[in-house]
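The primary structure of each chain is shown beneath.
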Amino acid sequence: MAGAADRDAPLAFSCGCGALRGDISPAGLRHGTHVECFCADCRANELAHRQPDPAPDPVDLFQMAAHHVRFTAGQEHLALLRLSPKGLLRWYAGCCGTPMFNTLASPALAFAAIRGPRLADPARLGPVRGRGFVPRPGGKPKMEGMAPVLWGLASRALAARISGKWRANPFFDDNGAPIVPAGVLSRAERAALYPDRR
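Residues numbered from 1 in each chain as written. Predicted model: local features only at pLDDT ≥ 70, side-chain atom pairs only at ≥ 80, totals over all residues. Heavy atoms only, no water.

Engineer: Pulling in residues and values, what's your account of unusual backbone geometry?
Structural biologist: Each neighbour pair has its own omega, and for A55 with P56 the value is 5 degrees, a cis peptide bond. Here P56 lies in the loop between helix 3 (40–48) and strand 4 (59–64). With phi around 55 degrees, F133 is a residue other than glycine that occupies positive phi space. If you trace the backbone, F133 turns up in strand 10 (residues 130–136). (Helix = DSSP H or I, 4+ residues; strand = E, 2+ residues; numbered from the N terminus.)

Engineer: Which residues make up the pairing of strand 3 (residues 33–37), and what values go with them?
Structural biologist: The element strand 3 is largely enclosed, with a buried count of five among its five residues. Side chains T33, V35 and C37 project from strand 3 onto one buried face, and the interleaved H34 and E36 project onto a second face that is buried too. Sheet topology places strand 3 next to strand 4; five bridges connect them, and they run antiparallel. Looking at strand 4, one finds that E36 is bridged to D60. Relative to strand 10, strand 3 runs parallel, the two sharing three bridges. Paired with C37 across the strands is G132, a residue of strand 10. (Buried < 20%, exposed > 50% of the residue type's maximum accessible area, 1.4 Å probe, protein only. Pairing = 2+ DSSP bridges.)

Engineer: Tell me about the sheet that holds strand 3, residues and numbers included.
Structural biologist: The sheet built from nine strands is open, its strands ordered 11-10-3-4-9-8-7-6-12 with mixed pairing. For this open sheet the edge positions go to strand 11 (139–144) and strand 12 (183–184), each flanked by a neighbour on one side alone. Where strand 6 (residues 78–82) meets strand 7 (residues 89–93), four bridges bridge the pair, whose relative direction is antiparallel. Bridging from a neighbouring strand, L80 pairs with W91 of strand 7. Packed onto the sheet, helix 4 (residues 146–163) meets strand 3, strand 4, strand 10 and strand 11 and runs at close to 125 degrees relative to strand 3. (Contact = heavy atoms within 4.5 Å. Axes fitted to C-alpha atoms, helices over the stretch in contact; angles between N-to-C directions.)

Engineer: Run through the pairing of strand 6, naming residues and quoting values.
Structural biologist: In the case of a regular strand, side chains alternate between the two sheet surfaces. Taken across its five residues, strand 6 has five buried, putting it largely inside the fold. Neither face of strand 6 is exposed, since L78, L80 and R82 on one face and A79 and L81 on the opposite face are all buried. Bridge analysis of strand 6 against strand 12 gives two bridges, and the strand direction is parallel. Bridging from a neighbouring strand, R82 pairs with V184 of strand 12.

Engineer: Describe in detail the sheet that holds strand 2 (residues 21–24), supporting the description with residues and values.
Structural biologist: Read from one edge to the other, the open sheet built from three strands follows the order 1-2-5, with strand pairing classed as antiparallel. Single-partner strands in this sheet number two, and they are strand 1 (11–14) and strand 5 (69–73). Each strand of the sheet is rotated relative to its neighbour by a mean of 30 degrees, with strand direction disregarded. As paired strands, strand 1 and strand 2 are joined by four bridges and run antiparallel to one another. In the sheet register, A12 faces strand 2, and the bridge partner there is D23.

Right, here's the structure in full:
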């Protein structure tokens, strides 16, 4: 369990090989939301980077405003993938292929989500507040605890917009473009990553 001193310290993260490193600010930890996602796209992203198939378990994520992310080493290794031309921006470490972050296509909404396992002490994220696309036998996937997730997204985006902190986004340049070009999967490449749809 995290102690009082831990709550006031940044939480370190790194890629699998350790070349890409950084931390999440204490404010980001306080105001972020711990979630789990079972969606096919999150699973496909893991498979695209030759990570172990998470199914039937979810992908563990921590959502926060992007200005709470700081890179301290190896930012030149940051690379970007989109599963489709208009898909979510999925950032990974080009040095070792480790999936790291998700962001939206524009910095204006001040959103970033990091993989929980990439953090030095995932216990500091606190309990899971929401679960997306939870599978149900014979039925449509359901959403659980989405009220705090949506409230967190909206309140962080509004606060960052009012304060101007949305501009301090380490994933985008001063013109609002991603700092590296995105690789986009072809239809054939995407199809290979969705085994349950074949």
